[in-house]
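# Structural description and commentary
These are the residues of each chain, in order.
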Amino acid sequence: MIALIQRVKQASVAVQGETIGAIGTGLLALVAVQPGDTPASIERMAERLLAYRVFSDAEGRMNLSVQAVAGGVLLVSQFTLAADTRSGLRPSFTSAAPPEQALAGFNALVEAVRRRHDPVATGRFGADMQVSLVNDGPVTFWLET
């Protein structure tokens, strides 16, 4: 599983002009499910997303997690993160999970994060989504499990 996380002041996702998920301060996580992902790796990603220290403490150091700052989490499925771009001029998506497996893996991640944290918002799997954000920093990290 891959997650591109961004520390945000705010983020939202819309489908056909309707906002379906939004957060204030927190993390936007663009997520790709891969064929080898297991329930254990999905749980590990949920733990990492919520515990990863990307928010500033009183001294200005990145020592606080989204849970510590009571921030929101916006999870958006994005299979293109799993693209193989090492050669040629067209990405290959053979390293992304097939749609049924990806949907199950993404839903399992959403459930795992919601068990541990609130608020959690999501995009809509497989939809053409418009994601808006105000990246804070900018602070962006690539996580893999």
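In this report, we go over the structure that sits alongside the text. Please read these numbers as outputs of a predicted model, since none were measured by experiment. (Residues numbered from 1 in each chain as written. Predicted model: local features only at pLDDT ≥ 70, side-chain atom pairs only at ≥ 80, totals over all residues. Heavy atoms only, no water.)

## So, the nonpolar core
Using the following cut-off: By convention a nonpolar core is built from buried Ala, Val, Leu, Ile, Met, Phe, Trp, Tyr and Cys residues, the set being connected through side-chain atoms within 4.5 Å. Per-residue accessibility, obtained with a 1.4 Å probe over protein chains only, is compared with the maximum for each type, and a residue is labelled buried under 20%, exposed over 50%, and partly exposed between these values. Each helix is a run of H or I in the DSSP string that is no shorter than four residues. Each strand is a run of E no shorter than two, and both are numbered from the N terminus. The contact criterion used throughout is that any non-hydrogen atoms of two residues lie within 4.5 Å.
Within the largest apolar cluster, 27 residues are counted, with the highest numbers of intra-cluster contacts made by V31, L49, L75, L109 and V113. When contributions to this core are tallied by element, the ones reaching two or more residues are β1 (2-15), β3 (26-32), α1 (39-51), β6 (72-77), α2 (99-116) and β8 (129-144). Here this core gets six residues from one element, more than from any other, and that element is α2. With near-sequence residues (within four places) excluded, V31 lies in contact with M1, I2, A3, L75, V76, S77, Q78, F79, L81, F106 and L109.

## Topic: the packing of α1 against α2
Two quantities define a packed helix pair, namely the angle between the helix axes and the distance between the axes. Note the following rule: Lines are fitted to the C-alpha atoms to define the axes, a helix being fitted only along its stretch in contact, and any angle between axes, read from their N-to-C directions, falls within 0 to 180 degrees. Should an angle fall under 35 degrees it is taken as roughly parallel, and over 145 as roughly antiparallel, whereas 65 to 115 is taken as roughly perpendicular and any remaining angle as oblique. Take the far helix as the reference: if the near one is turned anticlockwise from it by less than a right angle, the crossing is left-handed, and if turned clockwise, right-handed. Polar here means any residue outside two lists: the nonpolar Ala, Val, Leu, Ile, Met, Phe, Trp, Tyr, Cys and Pro, and the charged Asp, Glu, Lys and Arg; Gly therefore counts as polar.
Taken N-terminus to C-terminus, the directions of α1 and α2 make an angle of 45°; their axes are 9 Å apart at the nearest point. Put simply, α1 runs oblique to α2. You can see that α1 and α2 cross each other, and the crossing is right-handed. Side by side, α1 and α2 meet where I42, E43, M45, A46, E47, L49 and L50 of the first sit next to G105, A108, L109, A112, V113, R115 and R116 of the second. Tallied by class, residues from the contact of α1 with α2 come to nine nonpolar, one polar and four charged.

## With respect to the environment of A96
Inspection of the secondary structure puts A96 in the loop between β6 and α2. Apart from residues lying up to four places away in sequence, A96 is in contact with V33, P35, F79 and A82.

## Describing the side chain of D37
Quick reminder of the rule: By the counting rule applied here, Lys and Arg register as positive and Asp and Glu as negative, while His and the ends of each chain are not counted. Each salt bridge in this description consists of a side-chain nitrogen of Lys or Arg and a carboxyl oxygen of Asp or Glu lying within 4 Å of one another. Within 3.5 Å is the distance limit for a polar contact, defined as a pair of N or O atoms, with the added protein rule that one can donate a hydrogen and the other accept it, and that residues adjacent in sequence qualify only through two side-chain atoms.
Relative to the assigned elements, D37 resides in the loop between β3 and α1. Of the side chains with opposite charge, R48 lies nearest to the buried D37, which makes no salt bridge, at 11 Å. From its side chain, D37 meets the backbone nitrogen of M1 in a polar contact 2.5 Å long. Look past the residues within four positions of D37 in its chain and what remains in contact with it is M1, A32 and Q101.

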